[in-house]
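# Examining the three-dimensional arrangement
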Amino acid sequence: MGRGAGAFGGQPLCFAPDNAPHCAGAAVDLTLADGKGRELDMGCELNASPEESDGACYSEAANVSTEGRRNRQVLGEALSRAGLVNYPTEWWHWSYGDRYWALMTGAGEALYGVRSGRT
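What you are looking at is a predicted structure, and each value in this text was computed from that prediction instead of being measured. (Residues numbered from 1 in each chain as written. Predicted model: local features only at pLDDT ≥ 70, side-chain atom pairs only at ≥ 80, totals over all residues. Heavy atoms only, no water.)

## With respect to the packing of aromatic side chains
- Considering all chains together, one arrives at three aromatic pairs under this definition.
- Taken together, a centroid distance of 4.9 Å and an interplanar angle of 45° make the contact between Y96 and W101 tilted.
- Assessed through its relative accessible area of 9%, W101 is described here as buried. (Phe/Tyr/Trp six-rings, centres within 6.5 Å; stacked < 30°, edge-to-face > 60°. Buried < 20%, exposed > 50% of the residue type's maximum accessible area, 1.4 Å probe, protein only.)

Shown next as structure tokens:
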């Protein structure tokens, strides 16, 4: 998992429950690493802004090295096969079950959200 994960020293951000895919477990920020834990070239740093990365943070950015593009493809193929969808402005952001995932897959609704009433 990438540095965005709390267990790895990151500072995950959480918002209101109806808009919190990371906190609800419906979104993850991921990168690839080698067998020694060194992050592979993905074209820019995880969590880089468009300004910091000259736009290389976008999943389909043209200004990414051949190796970075290949690594993004490996990550994308594995996660897509598992049913996750990528948020196109962040190569590292993948969702399953949130509102964006529902929109992109045609699921009709998210798998999580605010519950009303008690059970």
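Let us keep going from here.
## Some details on the layout of surface pockets
- Put simply, the second largest pocket is a space of about 270 Å³.
- Lining the second largest pocket are 13 residues, with S59, E60, R72, Q73 and N86 positioned closest to its centre.
- Here the lining of the second largest pocket takes five residues from helix α2 (residues 66–81), the largest share from any one element.
- A per-class count over the lining of the second largest pocket returns six nonpolar, four polar and three charged. (1 Å grid on protein atoms, 1.4 Å probe; cavity = no way out; pocket = protein on both sides within 12 Å on 5 of 7 lines; lining within 4 Å. Points joined across faces, edges and corners; volume = space filled by probe spheres on them. Helix = DSSP H or I, 4+ residues; strand = E, 2+ residues; numbered from the N terminus. Nonpolar A, V, L, I, M, F, W, Y, C, P; charged D, E, K, R; others polar.)

## Side note on the side chain of N86
- Of note, N86 is situated in strand β2 (residues 85–86).
- Setting aside residues no more than four positions away along its own chain, N86 makes contact with S59, W91, W92, H93, W94 and Y100. (Contact = heavy atoms within 4.5 Å.)

## Quick notes on the sheet that holds strand β3 (residues 93–95)
- In spatial order, the strands read β1-β3-β2; together these three strands make up an open sheet with antiparallel pairing. Each edge of the open sheet carries a strand with a single partner, namely β1 (27–29) and β2.
- Here two bridges tie β2 to β3, and the two strands are oriented antiparallel to one another. Of the residues in β3, the one forming a bridge with N86 is W94. (Pairing = 2+ DSSP bridges.)

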